[in-house]
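Summary of structural features
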Amino acid sequence: MPRLSLRSLCNDGVMDIEEFQKVIDVNFLNPALLQQSLTHRSYLNEQSNDWLEDNERLEYLGDAILDFITADMLYRRYPDMAEGMMTRLRSALVRTDSLAQLALECRIGEAIFMGKGEENSGGRERANNLCRAFEAVIGAIYLDRGLDAVRDFIIP
């Protein structure tokens, strides 16, 4: 795999990886994981680099980690809450719209690498794209820094 140059992957005036790390207050040991977490599959269609990967696998991992951390937090914070209520509350916390709002607060839409067509059709503001990128960033944080770093990122 060629050496990753974050500057060479300039995202046409969009927030770069270094700035995004400051915004989310997570310093990656392996910035390539963060790059991957912010790479929408449409971006790969316009690139000649076959070493780039999209964020879908990290999204899958991040989704599972987010469910776990949310369940753990609810279980610990509300020791008398019934299982059914915890399930409903977790579902409300991790639904697409909620995660998209968190992604907006983290400015993820400004950092996503996406194809021109996706961007021109409003892809940076689309709730599904924001939610998926947020989950992928969680997966990347987990792989790079561990579960405690994800907890620190997710739970205020």
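Reference entry: report on the structure contained in this document. Bear in mind that the values here come from a model prediction, so they are computed numbers and not experimental data. (Residues numbered from 1 in each chain as written. Predicted model: local features only at pLDDT ≥ 70, side-chain atom pairs only at ≥ 80, totals over all residues. Heavy atoms only, no water.)

**Regarding the packing of helix α4 (residues 56-77) against helix α8 (residues 127-145)**
- Between α4 and α8, whose axes approach to 6 Å, the crossing angle comes to 80°. Between α4 and α8, the interaxial angle falls into the category roughly perpendicular. Where α4 abuts α8, its residues Leu58, Glu59, Leu61, Gly62, Asp63, Ile65 and Leu66 lie against Arg132, Glu135, Ala136, Ile138, Gly139, Ala140, Tyr142 and Leu143.
- Residue composition of the contact of α4 with α8, grouped by class: 9 nonpolar, 2 polar and 4 charged. (Axes fitted to C-alpha atoms, helices over the stretch in contact; angles between N-to-C directions. Helix = DSSP H or I, 4+ residues; strand = E, 2+ residues; numbered from the N terminus. Parallel < 35°, antiparallel > 145°, perpendicular 65-115°, else oblique. Contact = heavy atoms within 4.5 Å. Nonpolar A, V, L, I, M, F, W, Y, C, P; charged D, E, K, R; others polar.)

**What to know about the layout of surface pockets**
- Estimates place the volume of the largest pocket at around 320 Å³.
- For the largest pocket, the lining is made up of 18 residues, of which Leu93, Leu102, Ile154, Ile155 and Pro156 are closest to its centre.
- Only α4, α6 (96-105) and α9 (147-154) provide two or more residues apiece to the lining of the largest pocket.
- Here the lining of the largest pocket is built from residues that sort into 13 nonpolar, 3 polar and 2 charged. (1 Å grid on protein atoms, 1.4 Å probe; cavity = no way out; pocket = protein on both sides within 12 Å on 5 of 7 lines; lining within 4 Å. Points joined across faces, edges and corners; volume = space filled by probe spheres on them.)

**Comments concerning the nonpolar core**
- If you look at the biggest cluster of nonpolar residues, it comprises 37 residues, and the most contacted ones within it are Phe20, Leu38, Ile108, Val137 and Phe153.
- The element that contributes the greatest number of residues to this core is α8, accounting for 9 residues.
- When sequence neighbours within four positions are dropped, the list of residues in contact with Phe153 reads Ile24, Val26, Cys106, Phe134, Val137, Ile138 and Ile141. (Core = buried A, V, L, I, M, F, W, Y, C linked by side-chain atoms within 4.5 Å. Buried < 20%, exposed > 50% of the residue type's maximum accessible area, 1.4 Å probe, protein only.)

**With respect to the packing of aromatic side chains**
- Enumeration according to the criterion identifies 2 aromatic pairs in this entry.
- Note on Tyr43 and Phe113: the rings are 5.3 Å apart at their centroids and 75° apart in plane angle, and the pair reads as edge-to-face. Of this pair, Tyr43 sits in helix α3 (residues 41-44) while Phe113 sits in the loop between α6 and α7 (116-120), placing them 70 residues apart in sequence. Phe113 carries the same exposure label as Tyr43, and that label is buried. (Phe/Tyr/Trp six-rings, centres within 6.5 Å; stacked < 30°, edge-to-face > 60°.)

**Structural notes on α8**
- In this model α8 runs 26 Å from its N-terminal to its C-terminal C-alpha over 19 residues, within 8% of the 27 Å that 1.5 Å per residue would give.
- Gly146 sits one or two positions beyond α8 and adopts a positive phi of about 100°. (Expected span 1.5 Å × (residues − 1).)

**Considerations on helix α1 (residues 17-24)**
- Of the positions making up α1, those classed as buried are Ile17, Phe20, Gln21 and Ile24. In a view along the axis of α1, the buried residues occupy a sector of 105°, so they form one face of it.
- In this fold, the buried residues of α1 make contact with α2 (31-37), α8 and α9.
- Asp25, located one to two residues past α1, shows a positive phi value of around 60°. (Arc of directions from axis to C-beta.)

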